[in-house]
Amino acid sequence: MADKVKITYKDQEFEYPIVEGTMGDVSVDISKLRGESGLITLDPGYKNTGSCESKITFLDGEKGKLMYRGYPIEQLAEKSSFIEVMYLLLEGELPTARQLERWEKTIKSYTYVNDRVRKILNAFPSNAHPMGVLATLTSSLTAFNPKAVDPNKEEDMYHAAARLISKMDILAAWTYRKSNELELNEPDSNLSYIENFYQMMFKNNDKFELNQTIISALDKLLILHADHEQNCSASAVRLVGSSHAGLFASISAGISALWGPLHGGANQAVIEMLERIQSDGGGLQKWVDKAKNKDDEFRLMGFGHRVYKNMDPRAKIIKKAADDVLGQLGVEDEILDLARDLEAIALKDEYFIERKLYPNVDFYSGIIYRALGIPNEMFTVMFALGRLPGWISQWKEMRQTFQPIGRPRQVYTGAQTRNYVPIDER
Ligand code: SDX
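Please read these numbers as outputs of a predicted model, since none were measured by experiment.

Cut-offs used in this document
- Residues numbered from 1 in each chain as written.
- Predicted model: local features only at pLDDT ≥ 70, side-chain atom pairs only at ≥ 80, totals over all residues.
- Heavy atoms only, no water.
- Helix = DSSP H or I, 4+ residues; strand = E, 2+ residues; numbered from the N terminus.
- Rg over C-alpha atoms; globule rule 2.2 N^0.38 Å.
- Contact = heavy atoms within 4.5 Å.
- Areas by Shrake-Rupley, 256 points an atom, 1.4 Å probe, with all protein chains shown as cover.
- Lys, Arg positive; Asp, Glu negative; His and termini not counted.
- Charge placed at Lys NZ, Arg CZ, Asp CG, Glu CD.
- Near = heavy atom within 4 Å.
- Polar contact = N/O pair within 3.5 Å; in protein donor to acceptor, adjacent residues only side chain to side chain.
- Nonpolar A, V, L, I, M, F, W, Y, C, P; charged D, E, K, R; others polar.
- Pairing = 2+ DSSP bridges.
- Salt bridge = Lys/Arg side-chain N within 4 Å of Asp/Glu carboxyl O.
- Buried < 20%, exposed > 50% of the residue type's maximum accessible area, 1.4 Å probe, protein only.
- Axes fitted to C-alpha atoms, helices over the stretch in contact; angles between N-to-C directions.
- Parallel < 35°, antiparallel > 145°, perpendicular 65-115°, else oblique.
- Phe/Tyr/Trp six-rings, centres within 6.5 Å; stacked < 30°, edge-to-face > 60°.
- Patch = residues over 30% accessible without salt bridge, like charges linked within 9 Å, V, L, I, M, F, W, Y side chains within 5 Å.
- Left-handed = near helix turned anticlockwise from the far one by under 90°.

### Concerning the overall build of the chain
Reasoning step 1: Helix and strand counts for the chain stand at 18 helices and 6 strands.
Reasoning step 2: The C-alpha atoms of the chain give a radius of gyration of 23 Å, which matches the 22 Å a tight globule of 426 residues would have.
Reasoning step 3: By principal-axis analysis of the C-alpha atoms, the chain measures approximately 80 × 65 × 55 Å.
Reasoning step 4: Relative to all contacts within the chain whose residues are 6 or more apart in sequence, the contacts with residues 24 or more apart total 70%.
Reasoning step 5: Looking at the chain as shown, the accessible area adds up to about 21,900 Å², and 50% of this sits on carbon and sulfur atoms.
Reasoning step 6: Taken as two groups, the 52 positive and 59 negative side-chain charges of the chain have centres that lie 4 Å from each other.

The following block contains the structure:
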């Protein structure tokens, strides 16, 4: 018989079923709690609250494990490709050769971006943060693709995903070109998804050449960022989409949520922190002590995680890749040594050990992006490009399982009932 949880309240006893996931994760289903007991739960930041059942990604925070559709991230990072991982997340299975060919072709068929989008892009000042530009341009795509996606028509959903993925590649590169006042490059459908992105970012003349070390490093980084179950931005995409707002509008909300330095914006904040430490020259212990000091707002960016209480498996892979990529490119970067030393000191420090604070996905990723010539303020755009197939998969699953509109409750602690006072009596 399935386990239950008993709650006793005001001499009444209530029972709620245990729901067990396929990897042994356990929860209590309280969907009837308020109707039966009048109680709601209070859980700021949803630290103990599951918002949905999902088949897309599994994390084991204690063991530091991550799987997309059952495949361990280590195997996908080593053996798969970003274009294939997109398909896996969206369709639930690894594609056959024919399915992969059709998927790639469909993405390439959607590289046209309406000229008015360029006008919107040009309206931004060049110092506008690329994440704000990208969120706006993504939302603007609704104006040029007004037909709402029917998530329950597979073909409709397939093409909507391909369309958005294709355009995001272009918009991401254009935000970089715009912020550097460079001419916009056109997409080249003879190239792979990542080659096309890279040439659109950096091609300034016909002598431009693709470097396959860079392309494969980007491919691995985008795989590692592709999904991460119900993180802040995926939850934003699900919540916005649960009102049946369109796919582009929901993804635009996800981009805005990812921008925050506590979330995807951390990859930019890590490098800024390391550069600050480097120029300070005051040694690392001083900064580790600052991070531990409750009266100091400084935090060790790229450290800690809501779910991982062990090393983020992605950070392990990226840390090794940073060595490989910088070595292959012949790039020396003191910041990498600084990051390693900082990690070593923090991991021996009681404060970090006690709180199970380890490097997360953002701690080393910026070091590779720097080596690939990508500027700091574009790091979170790279995160968004990687996370896009995950966001779309989450949106698709939420709509295809007919999730109700998300509408949390609250505990009200404001003024009790009182009567209006005319202004001349106040
Ligand atoms: C991402 O959710 C995901 O899956 C996200 C992500 C994804 O792929 O989508 O993995 C991507 O967002 C990774 C996280 C990137 N953010 C950062 O690196 C910012 C720095 N980290 C912290 O701000 C923090 O660790 C969070 C935001 C990541 C998690 O915060 P929580 O879960 O709310 O934990 P908390 O803030 O309550 O911290 C618990 C304790 C506190 O100390 P005490 O009150 O118990 O004394 O740990 C301390 C915190 O002060 N702490 C840190 C710290 N992180 C937590 N102290 C110093 N430096 C840090 N980085």
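Anyway, onward from the coordinates.
### Remarks on the site of the ligand
Reasoning step 1: Taken together, 25 residues lie near the ligand, and H228, H305, R306, R314 and R387 sit nearest.
Reasoning step 2: At 2.7 Å, a side-chain N or O of R387 approaches an oxygen atom of the ligand.
Reasoning step 3: Here the shell around the ligand is built from residues that sort into 10 nonpolar, 7 polar and 8 charged.

### Here's the deal with the sheet that holds strand β5 (residues 65–68)
Hydrogen bonds along the backbone pair up the strands of a sheet, which may run parallel or antiparallel.
Reasoning step 1: If you trace the 3 strands from one edge of the open sheet to the other, you get β4-β5-β6, paired in antiparallel fashion. The open sheet terminates on both sides in strands that have one partner only, identified here as β4 (57–60) and β6 (71–72).

### Quick word on the pattern of salt bridges
Reasoning step 1: All told, the structure shown has 23 salt bridges when counted by the stated rule.
Reasoning step 2: A salt bridge links E155 to R102, with the nearest nitrogen and oxygen atoms 2.5 Å apart. Residue E155 is found in helix α7 (residues 154–179), and its partner R102 is found in helix α4 (residues 97–108); the two are separated by 53 residues along the sequence.
Reasoning step 3: Look at E155 and you get partly exposed, because its relative accessible area is 43%.
Reasoning step 4: The closest approach of N and O atoms between E154 and K396, which form a salt bridge, is 3.4 Å.

### Here we look at the environment of A371
Reasoning step 1: Following the sequence through the fold, A371 ends up in helix α17 (residues 361–371).
Reasoning step 2: The spacing of A371 and N211 is 160 residues in sequence and 12 Å in space, taken between C-alpha atoms.

### Some details on the packing of helix α3 (residues 82–91) against α4
Reasoning step 1: Two elements in contact, α3 and α4, have axes separated by 10 Å at closest approach and are oriented at 100°. Comparing their axes, α4 and α3 come out roughly perpendicular. The residues of α4 that touch α3, namely those facing I83, E84, M86, Y87 and L90, are Q99, L100, W103, E104 and I107.

### Here we look at the packing of aromatic side chains
Given two aromatic rings, one states the distance between the centres and the angle between the planes to describe the pair.
Reasoning step 1: Inspection of the entire model under this criterion finds 12 aromatic pairs.
Reasoning step 2: Between F82 and Y193 the ring centres are 6.1 Å apart and the planes differ by 50°, which places this aromatic pair in the tilted class. Taken together, the positions of F82 in helix α3 and Y193 in helix α8 (residues 193–202) put the pair 111 residues apart, joining distant regions of the chain. Pair check on accessibility: F82 and Y193 agree, each one buried.

### Focus: a nonpolar patch on the surface
Reasoning step 1: A cluster of nonpolar side chains, contributed by I40, L42 and V411, occupies part of the molecular surface with about 260 Å² of accessible area.
Reasoning step 2: Within the fold, L42 resides in the loop between α1 (33–37) and β4.
Reasoning step 3: Residue classification places L42 among the exposed positions, given a relative accessible area of 61%.

### What about the packing of helix α14 (residues 313–329) against α17?
Reasoning step 1: Look at α14 against α17: their axes get within 8 Å of each other, and the N-to-C directions meet at 20°. Classified by the interaxial angle, the pair formed by α14 and α17 is roughly parallel. Helix-helix and strand crossings are classified by hand; for α14 and α17 the assignment is left-handed. On α17, the residues that touch R314, A315, I318, K319, A321, A322, V325, L326 and L329 of α14 are V361, Y364, S365, I367, I368 and A371.
Reasoning step 2: The residue inventory of the contact of α14 with α17, partitioned by class, reads 12 nonpolar, 1 polar and 2 charged.

### Quick look at unusual backbone geometry
Reasoning step 1: Positive phi, normally seen in glycine, also occurs at D11, with a value near 60°.
Reasoning step 2: Along the polypeptide, D11 turns up in the loop between β1 (4–9) and β2 (12–20).
Reasoning step 3: Positive phi, close to 50°, is recorded for Y46, a residue that is not glycine.
Reasoning step 4: Residue placement: Y46 occurs in the loop between α1 and β4.

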